[in-house]
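# Reading the structure
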Amino acid sequence: MPDVQSMVLEFVNKLRKRKIEGSQATARCTVELLKSVVSHHRLPRANQASALIDAVRGVGAQLVAANPVELAVGNVVRRVLHIIREEDLSLATAAVSELDFNGEGMSAAVVAAAARSTLRPPSLQTLLEGTTESATVPYTFSSGVDSESKTADKSSITQKLKDDVRGGIDQLIKDITDCHEQIAEQAIEHIHQNEVILTLGNSRTVLEFLCAAKEKKRSFRVFVAEGAPRYQGHVLAKELVARGLQTTVITDSAVFAMISRVNMVIIGAHAVMANGGVIGPVGVNMAALAAKKHAVPFVVLAGSHKLCPLYPHNPEVLLNELRSPCELLDFGEFSDCLDSGSPLVQVVNPTFDYVPPSLVSLVITDTGGHNPSYMYRLIADYYSADDLVM
Amino acid sequence: MTEVNPNPNPNHNGIVASDWIEQAQAAALLRYPVIAGRGPSFSVIEEFNKWRQQADLAEAVAAIRALAAVIRASEARTMMELEIELKKASATLKSWDTTSISLRAGCDLFMRYVTRTSALESEDFNTAKSRVLGRAEKFGEISYKARKIIAVLSQDFIFDGCTILVHGFSRVVLEILKTATQNKKLFRVLCTEGRPDKTGVLLAKELAKLDVPVKLLIDSAVAYSMDEVDMVIVGADGVVESGGVINMMGTYQIALLAHSMNKPVYVAAESYKFARLYPLDQKDLAPALRPIDFGVHVPPKIEVERSARDYTPPQYLTMLFTDLGVLTPSVVSDELIQLYL
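Residues numbered from 1 in each chain as written. Chains lettered and ligands numbered in written order. Predicted model: local features only at pLDDT ≥ 70, side-chain atom pairs only at ≥ 80, totals over all residues. Heavy atoms only, no water.

## Topic: the overall build of chain A
Helices and strands together make up the secondary structure of chain A, namely 16 helices and 10 strands. When the 390 residues of chain A are sorted by exposure, 50% land in the buried category. For chain A, the accessible surface area stands at approximately 17900 Å², while carbon and sulfur atoms represent 54% of it. (Helix = DSSP H or I, 4+ residues; strand = E, 2+ residues; numbered from the N terminus. Buried < 20%, exposed > 50% of the residue type's maximum accessible area, 1.4 Å probe, protein only. Areas by Shrake-Rupley, 256 points an atom, 1.4 Å probe, with all protein chains shown as cover.)

Structure representation (structure tokens):
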């Protein structure tokens, strides 16, 4: 246990100091950490799932507080909580259907349906079934087992929940790692011969996506906006050239000028919010507005760990990160203006941009391409309603 | 022959006799008086009016509670009979005000919930009846609490220093604003006058009691003031399958304006207002006409548009605040399909 605590503290430190870059890397580290938390947590006899959920939630709250802008952390914690609830539910229904053979009276199908509805967000259908019958289900598993089985069975059932949860987490790790391949498989449907694609920033998903289309013998050109002040576009352009793609580097200010010659804009998202809005590298809102004006499809690539169940409130400020002004200005360049008590010059260097859902044409996740207004469905599949607030 | 034939008449001899027809007619007449016979002791409209007298209770919630009372007072012995009684009571309630969408939607949802027999088939009647009654009371509870839930869910959308445009007098919207003042948020409200119902003045009075800065606008001043507005919040008479809303006349206008000036439009509606309607344009709505007083005499050969409400298509709405959560308009049709299919 103390080992896990120190791991958590170390990770919290890394997050606070922004040592880990990129949603995929952050998501993987978070999942690995939560896996050790789950493995090392000693479970009580009754209400095992609730104990696990509380433990994971406690760690999750610390992680989210360390870096609230990196939404992948919160997403992954909620995914793990959902996995725990699902596994507990399937064990419970299995146990209850066994008990039912002994003539317990409650129809297993009814109980399963009622309990499953606790995991989904409230809906017209389940409005009434949710609370009347579900209150009995989560606890029948633990209490029913206590009365029926012996101590040897009890410890094996504890192990069963942990094993199932670990299995679910392994599946989640696999999904996070494989998201690039899953998304890239769909490239051939969207990129056609002799097209011109515009992209911004340096997203590995976009790189894999474009290269997959190239593998399938589509020939197309790529315009890369350089993405000042970090010039990530230069890095992407080099990699694209290394893979044999015809690339043109343009400045960010030239995006609107070139947009009429572009067939599609493809960007990698930092996060996709519950209303379908997209958070991406700074400059994507500008590209999205330009694309809307010229009726160019704006396609966003996002792995499932980037789907966030929260609604964005004032995302330009609250979900943004202001980086050091030294990326824009050299130290000493403006020192005479900045030295006085209240300087007249201020330097703002935001990292992210928010694109409202009305400007996004398609969101491609590892499960396929969807309309931004469909996000609520994917969120209902991956997350439980109880975990939204941590 | 008499043992297989349940006919009580011992003179029956296997041919269609006139006494059969008489008995059939008598049986048909017998069924209806079962409801009317209990008329003096139980009337669903009386029950409905009794609930409506409670302050601040929505019509649909009162109807739902009245229908629950029908179940409680029912002397039916089978589920089919109970269902028939409920259908009759529901029809009576709907005829009380044929133009009210929320009343109709509430009654339809109630019938749908209460008569879903998935778990009821194998139980005996009394258990089934008490389960149905439990569901009915629960639905009444949920509908009653819906306003509070909506108020809590919508708090994050109101930020300090914002200006909110409100149209119509919706008790849900008032609840949202009340809760925001309780959470010590600073905001300003612009109310449209809401001719001819004077909703603006009524709402402004309520808000003045809460010490919220209020400004009244005439209905034509909305575009003029739209650039200082941060968001529009309206209630709804009904939410239709496409995700659009039916609300007081003027809502469509305001939503169009807000959309063209990039201001979000939020609708606060309880889930019992989800109706199975799909209007394609304004004339597809059942007309709800009301008299309009222009202050001067209008000669009779001049036509007056007297419709009380309009339909706002879903593309002009940003978000719906319901007790099922904060939903985008596309979720509404999903919900309705899942329920009715």
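## Let's talk about the packing of aromatic side chains
Enumeration according to the criterion identifies eight aromatic pairs over all chains in this entry. Ring centres 4.9 Å apart and planes at 45° place the aromatic pair F157(B) and F321(B) in the tilted group. A residue pair is termed long-range when its members are at least 10 positions apart, and F157(B) in the loop between α6 (125-153) and β1 (162-167) and F321(B) in strand β9 (residues 319-322) qualify at 164 residues. Through a chain of ring-to-ring contacts, three or more aromatic side chains come together here, namely Y311(A), F157(B), Y266(B) and F321(B). If you follow R79(A) out to its NZ or CZ, it ends over the ring of Y382(A), 4.2 Å from the centre. (Phe/Tyr/Trp six-rings, centres within 6.5 Å; stacked < 30°, edge-to-face > 60°. Lys NZ or Arg CZ within 6 Å of the ring centre and 35° of its normal.)

## Observations regarding the sheet that holds strand β7 (residues 265-268) of chain B
All names here are of chain B. As summarised here, the arrangement of the seven strands in space is β3-β2-β1-β4-β7-β9-β10, forming an open sheet in which the pairing is mixed. Of all the strands in the sheet, just β3 (214-217) and β10 (325-327) have a single pairing partner and so form its edges. Averaged over all pairs of adjacent strands, the angle between strand axes in this sheet comes to 25°, irrespective of strand direction. Relative to strand β4 (residues 231-234), β1 runs parallel, the two sharing four bridges. Residue pairing across strands places H167 opposite V234, the latter belonging to β4. On top of the sheet, α6 reaches β7, β9 and β10; it is set at about 135° to β9, its chief contact. (Pairing = 2+ DSSP bridges. Axes fitted to C-alpha atoms, helices over the stretch in contact; angles between N-to-C directions. Contact = heavy atoms within 4.5 Å.)

## Focus on the nonpolar core
Counting 62 residues, the largest nonpolar core has I71(B), F110(B), L165(B) and V232(B) as its most contacted members. Considering every element that reaches this core, the biggest residue donor is helix α3 (residues 59-73) of chain B, with 10 residues. If near-sequence neighbours (up to four positions away) are discounted, F110(B) is found in contact with I64(B), L67(B), A68(B), I71(B), L86(B), A136(B) and F139(B). Counting residues in hydrophobic clusters, the runner-up holds 36 residues, among them L33(A), L52(A), V77(A) and V80(A). (Core = buried A, V, L, I, M, F, W, Y, C linked by side-chain atoms within 4.5 Å.)

## Quick notes on the pattern of salt bridges
Evaluation of the coordinates by the stated rule reveals 28 salt bridges over all chains. Put simply, E321(A) and R18(A) hold a salt bridge, and the shortest N to O gap is 2.7 Å. Residue E321(A) is located in the loop between α14 (315-318) and α15 (335-338), and its partner R18(A) is located in the loop between α1 (2-16) and α2 (23-40); the two are separated by 303 residues in the primary sequence. Look at E321(A) and you get buried, because its relative accessible area is 19%. Among the salt bridges present, the one from E137(B) reaches R72(B), with a minimum N-O distance of 2.6 Å. Separated by 65 residues along the polypeptide, E137(B) in helix α6 and R72(B) in helix α3 bring together distant segments of the chain. What you see here is one network of salt bridges that share partners, running through E21(A), R230(A), R323(A) and E327(A). (Salt bridge = Lys/Arg side-chain N within 4 Å of Asp/Glu carboxyl O.)

## Comments concerning the pairing of strand β7 (residues 298-301) of chain A
Residues and elements named next belong to chain A. Here β7 shows two buried faces, one formed by F298 and V300 and the other by V299 and L301. Where strand β4 (residues 264-268) and β7 come together, four bridges link them in parallel fashion. Within β7, the position partnered with V265 by the bridge is F298. Bridging between β7 and strand β9 (residues 362-365) involves three bridges; their strand directions are parallel. Residue pairing for β9: V300 is matched across the bridge by V363.

## Digging into a positive patch on the surface
There is a patch of like positive charges on the surface, built from K14(A), R16(A), K17(A) and K19(A). For R16(A), the position within the fold is in helix α1. (Patch = residues over 30% accessible without salt bridge, like charges linked within 9 Å, V, L, I, M, F, W, Y side chains within 5 Å. Lys, Arg positive; Asp, Glu negative; His and termini not counted. Charge placed at Lys NZ, Arg CZ, Asp CG, Glu CD.)

## Here we look at the environment of S333(B)
Residue and element names in this part refer to chain B. Mapped onto the elements, S333 comes out in helix α11 (residues 329-340). Judged by its relative accessible area of 22%, S333 is partly exposed. S333 sits 89 residues away from G244 along the chain, and the two C-alpha atoms are 9.8 Å apart. In this structure the side chain of S333 is engaged in a polar contact, spanning 3.3 Å, whose partner is the backbone oxygen of S330. (Polar contact = N/O pair within 3.5 Å; in protein donor to acceptor, adjacent residues only side chain to side chain.)

## Examining helix α11 (residues 232-242) of chain A
Residue and element names in this part refer to chain A. If you check which residues of α11 are buried, you get G233, L236, A237 and L240. Looking down the long axis of α11, one finds its buried residues gathered within 100° of arc, a one-sided arrangement. Away from its buried face, by an angle of more than 90 degrees, α11 presents the exposed residues K238 and A242. Where the residues of α11 are buried, they touch β1 (196-200), α10 (204-215), β2 (221-225) and β3 (246-250). Two residues or fewer past α11, G244 is found with a positive phi of approximately 90°. (Arc of directions from axis to C-beta.)

## Observations regarding a nonpolar patch on the surface
A cluster of nonpolar side chains, contributed by L310(A), L388(A) and V389(A), occupies part of the molecular surface with about 250 Å² of accessible area. Inspection of the secondary structure puts L310(A) in the loop between β7 and α14.

## Points about the state of the cysteines
All names here are of chain A. All told, the structure shown has zero disulfides over all chains when counted by the stated rule. Not part of a disulfide, C308 finds its nearest cysteine sulfur in C179, a span of 16 Å. Residue C308 is classed as buried on the basis of its relative accessible area, which comes to 0%. (Disulfide = S-S within 2.5 Å.)

## Quick notes on unusual backbone geometry
That bond from A228(A) to P229(A) is cis: its omega, 0°, falls within 30 degrees of zero. Summarising the element assignment, P229(A) is placed in the loop between β2 and α11. Look at the link from R195(B) to P196(B): it is a cis peptide, with omega at -5°. The topology assignment puts P196(B) in the loop between β2 (187-192) and α8 (199-209). With a phi close to 55°, A295(A) is a non-glycine residue in the positive phi region. Within the secondary structure layout, A295(A) lies in the loop between α13 (284-293) and β7. Even without being a glycine, K184(B) presents a positive backbone phi close to 60°.

## Comments concerning the environment of K283(B)
Summarising the element assignment, K283(B) is placed in the loop between β7 and β8 (309-312). Residues K283(B) and V222(B), spaced 61 residues apart in sequence, show a C-alpha to C-alpha distance of 24 Å.

## Some thoughts on the sheet that holds strand β6 (residues 278-281) of chain A
The strands making up a sheet are joined through hydrogen bonds of the backbone, oriented either antiparallel or parallel. Residue and element names in this part refer to chain A. The strand order across the open sheet formed by three strands is β5-β6-β8, and the pairing between neighbours is antiparallel. Two strands in the sheet have a free side with no partner beyond their single neighbour: β5 (271-272) and β8 (352-355). Summarising the sheet, β6 and β8 pair through four bridges and their orientation is antiparallel. Across the sheet, V278 pairs through a bridge with V355, a residue of β8. With respect to the sheet, α13 is in contact with β6 and β8, its orientation differing from that of β8 by roughly 30°.

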